[in-house]
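Below are the chains, spelled out letter by letter.
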Amino acid sequence: MYSQVDIRRIHLEMTTRCNAACPMCSRNERGGFQIADLPQVDLTLLEVQRMLPPHFIEQLEQVWLCGNYGDPIIAPDTLEVLTYLKAVNPKIRLGLNTNGSARKPDWWQRLARVLDHCHFGIDGLSDTNHLYRRRTHWNVIMANAAAFIDAGGAAHWEFIVFRHNEHQISEAQELARTMGFRKFRLRKTGRFFFDGQLHPALDIQDTSGKTIYSIEPPIDICLRNASSAELGGIASERNGYANYLDTTLIECKAQTERELYISAEGLVFPCCYLASWYRGSRRKRDAQFQKLLEQHGGRNSIDARLRPIGEIIEGGIYRGIVTSWSQPSVAQGRLATCSGTCGGDSPNRHQYTNAIYLKPVHRDERDTH
Ligand code: SF4
Ligand code: SF4
């Protein structure tokens, strides 16, 4: 697939822990309770220093902190890890994705000194954001974002559009502008397509598993994920989605972007998609990759706490992934995760709208809002 010298971007999952409970996140069952087999772990500064020695960091262009299962602001060593990376390679671009609803403003001020971009996932306004970003607190998010921005940090507002917040897009964009966010971008989630079909809504559960409300895609068709609709049409035909997974052309994003994903357990995957293997009841296809991994040395063979990253990505499992793409069907070994996420109609390709660059607001003007 690639060698260590090719890698330019690292996607680093600092933790599997999170203060929030977003219903479509891999870490929990519909926002109700955390999936049973998810380990609660953080990467430490020492582990990152061992996995990413200076000679490797020097060749990198970007490290992005965002995890399948956790928010980087929860990991104890996030600031220290960012400081280490920047000290070794001052040209490296550092970024993270967050719900923004943890830590105190002084931590966010320190973050602004070392981070190049912070993407805040804020899906609505004070009366709607918590419907998806469950267990987050509006006033905490606003105070933290303001502290980060006022300390000079480059903040981007990312807004996942649902039926319950589509009427607030303009107001949120204006709030972003007045607070000093640099960009505002809509996300059209592809996650209403799951278990091989497009769902009209998702029931949200409490901790006992009882449905308490539902979330729905936006009514405005332009704000929906186009690929999800396309796949929904394919899936409604007999064997349609299975045939799609067998035949779609796979274009590996990790290979194109020259990137790696390192999980909070120190495991090295090409991408977050194959790394997403703790899934509760929701997906069977992860077992296919785990079986392939067992045939190529098992979990220890991708553990960067046990062996160098160069050895891992030139090892058998990475060759096995590439070989799988040319198999004639999922039943014969083609990885369904690769077809589903990097195939021609993947919902991941159409989830972002173009970012809107926000006109900077003078500090005095900001203070009046
Ligand atoms: S903030 Fe991120 S990691 Fe936390 S529950 Fe939501 S999507 Fe998952
Ligand atoms: S899912 Fe498969 S094809 Fe897509 S980036 Fe990951 S390894 Fe590559």
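Residues numbered from 1 in each chain as written. Chains lettered and ligands numbered in written order. Predicted model: local features only at pLDDT ≥ 70, side-chain atom pairs only at ≥ 80, totals over all residues. Heavy atoms only, no water.

Rules: UniProt positions are given in the numbering used here, feature names are shortened, and annotations may be inferred rather than shown by experiment.
Per an unreviewed UniProt entry, the recorded name for the protein chain is Radical SAM protein, and the organism is Ramlibacter henchirensis. Checking UniProt for the protein chain, the heading Cofactor (unreviewed entry) contains the comment "[4Fe-4S] cluster".

### Details of the overall build of the protein chain
Selection rule: Numbering of helices and strands runs from the N terminus; a helix is a DSSP stretch of H or I covering at least four residues, while a strand is a stretch of E covering at least two. When we talk radius of gyration, it's over C-alpha atoms, and the globule rule is simply 2.2 Å times the number of residues to the 0.38. Remark: exposure states derive from per-residue accessible area (1.4 Å probe, protein chains only) relative to the maximum for the residue type, with buried under 20%, exposed over 50%, and partly exposed in between. Residue contacts are defined here by distance: any two heavy atoms, one from each residue, within 4.5 Å place the two residues in contact. To be clear on the numbers: accessible area is Shrake-Rupley with a 1.4 Å probe, and residue cover counts the displayed protein chains and nothing else. Neither His nor the chain ends is counted toward charge; the positive residues are Lys and Arg and the negative residues Asp and Glu. Where a charge lies is defined by one atom per residue type: Lys uses NZ, Arg uses CZ, Asp uses CG and Glu uses CD.
Counting its regular elements, the protein chain contains 16 helices and 15 strands. Taken over C-alpha atoms, the radius of gyration comes to 20 Å for the protein chain, in line with the 21 Å a tight globule of 369 residues would show. Burial statistics for the protein chain: of 369 residues in total, 56% are counted as buried. Considering only contacts in the protein chain between residues 6 or more positions apart, those separated by 24 or more positions represent 75%. Surface exposure of the protein chain reaches about 16300 Å², of which carbon and sulfur atoms provide 50%. Taken as two groups, the 44 positive and 41 negative side-chain charges of the protein chain have centres that lie 1 Å from each other.

### Quick word on the nonpolar core
Test applied: Nonpolar core, defined: a set of buried Ala, Val, Leu, Ile, Met, Phe, Trp, Tyr and Cys residues in which side-chain atoms within 4.5 Å join the residues together.
Counting residues in each nonpolar core, the largest one holds 90 residues, and the members touching the most others are Ile10, Leu52, Trp157 and Phe181. With seven residues, helix H6 (residues 138–150) is the single largest residue contributor to this core. Formed by twelve residues, the second largest nonpolar core is a distinct cluster that contains Ala20, Tyr132, Ile160 and Phe192.

### A look at the pairing of strand E4 (residues 62–65)
Condition: Two strands pair under a simple rule: DSSP has to find at least two bridges between them. With its strands directed away from the observer, a crossover is right-handed exactly when the path from the first strand over the helix to the second travels clockwise.
Side chains Gln62 and Trp64 of E4 all project onto a buried face; the interleaved residues Val63 and Leu65 project onto the opposite face, where all are buried too. The pairing of strand E1 (residues 9–12) with E4 spans four bridges and is parallel. The partner of isoleucine 10 across the bridge, within E4, is valine 63. Relative to strand E5 (residues 93–98), E4 runs parallel, the two sharing four bridges. If you follow leucine 65 over to E5, its bridge partner there is leucine 96. With helix H3 (residues 78–88) bridging E4 and the parallel E5, this β-α-β connection has right-handed handedness.

### Some words on the site of ligand 2
Counted only if it meets this: Whether a residue is near a molecule or strand depends on its heavy atoms: it is near if one of them lies within 4 Å of it. Both cavities and pockets are sets of points on a 1 Å grid over the protein atoms alone; in a cavity a 1.4 Å probe fits but cannot get out, in a pocket the set is open with protein on both sides within 12 Å along at least five of seven lines, and lining residues sit with an atom within 4 Å of a point. Molecules are considered to sit inside a cavity or pocket once more than half of their atoms lie within 2 Å of its grid points. Any residue outside Ala, Val, Leu, Ile, Met, Phe, Trp, Tyr, Cys, Pro, Asp, Glu, Lys and Arg is labelled polar, Gly included; the first ten of those are nonpolar and the last four are charged.
By nearness alone, every residue bordering ligand 2 is listed as Ile250, Cys252, Lys253, Ala254, Pro270, Cys271, Tyr273, Leu274, Trp325, Cys338, Thr341 and Cys342. Cavity membership is defined here by more than half of the atoms lying within 2 Å of grid points; on that basis ligand 2 lies in the largest cavity. Looking at the shell around ligand 2, the elements that each hand over two or more residues are helix H10 (253–257), helix H11 (272–275) and helix H15 (336–342). The element best represented in the shell around ligand 2 is H15, accounting for three residues. Taken together, the residues of the shell around ligand 2 break down into ten nonpolar, one polar and one charged.

### Notes on empty space enclosed by the protein
Selection criterion: Grid points are joined across faces, edges and corners, and a volume is the space filled by probe spheres set on the points.
Applying the stated rule across the entire model yields two cavities of 30 Å³ or more. If you add up the space inside the largest cavity, you get close to 80 Å³. As for the largest cavity, its lining consists of 14 residues, of which Cys252, Cys271, Trp325, Cys338 and Cys342 are closest to the centre. Secondary structure elements with two or more residues in the lining of the largest cavity: H10, H11, helix H14 (316–325) and H15. Considering every element that reaches the lining of the largest cavity, the biggest residue donor is H15, with four residues. Residue composition of the lining of the largest cavity, by class: eleven nonpolar, two polar and one charged. Estimates place the volume of the second largest cavity at around 60 Å³. Looking at the second largest cavity, it is lined by 13 residues, and the ones nearest its centre are Glu13, Ser263, Glu265, Ala275 and Tyr278. Per-class residue counts for the lining of the second largest cavity are eight nonpolar, three polar and two charged.

### A short note on the UniProt feature "domain: Radical SAM core" (unreviewed entry) in the protein chain
As recorded in UniProt, the feature "domain: Radical SAM core" (unreviewed entry) lies at residues 13–165. Structurally, residues 13–165 is divided into 32% helix and 16% strand, and its ends, taken at the C-alpha atoms, are 29 Å apart.

### Considerations on the environment of tryptophan 157
Here is the rule we go by: Whenever a nitrogen or oxygen atom comes within 3.5 Å of another N or O atom, the pair is scored as a polar contact, on the condition that within protein one atom can donate a hydrogen and the other can accept it, and that pairs from neighbouring residues in sequence are kept only if both atoms are in side chains.
Structurally, tryptophan 157 can be placed in strand E7 (residues 155–160). Expressed as a C-alpha distance, the spacing of tryptophan 157 and leucine 186, which sit 29 residues apart in the sequence, is 8.5 Å. Beyond its immediate sequence surroundings of up to four residues, tryptophan 157 is in contact with Phe120, Ile122, Gly124, Trp138, Met142, Ala172, Leu175, Ala176, Phe181, Lys183, Phe184 and Arg185. In terms of polar contacts, tryptophan 157 uses its side chain to reach the backbone carbonyl oxygen of isoleucine 122, at 2.8 Å.

### Quick notes on the sheet that holds E5
The sheet built from nine strands is open, its strands ordered E14-E13-E1-E4-E5-E6-E7-E8-E15 with mixed pairing. Single-partner strands in this sheet number two, and they are strand E14 (268–269) and strand E15 (356–357).

### Quick notes on the pairing of strand E11 (residues 202–205)
When E11 meets strand E12 (residues 211–215), the two strands line up antiparallel, connected through four bridges. The residue bridging leucine 202 from the neighbouring strand is isoleucine 215, located in E12. The hairpin turn running from E11 into E12, its antiparallel successor, is five residues long, and glycine 209 in that turn takes a positive phi close to 90°.

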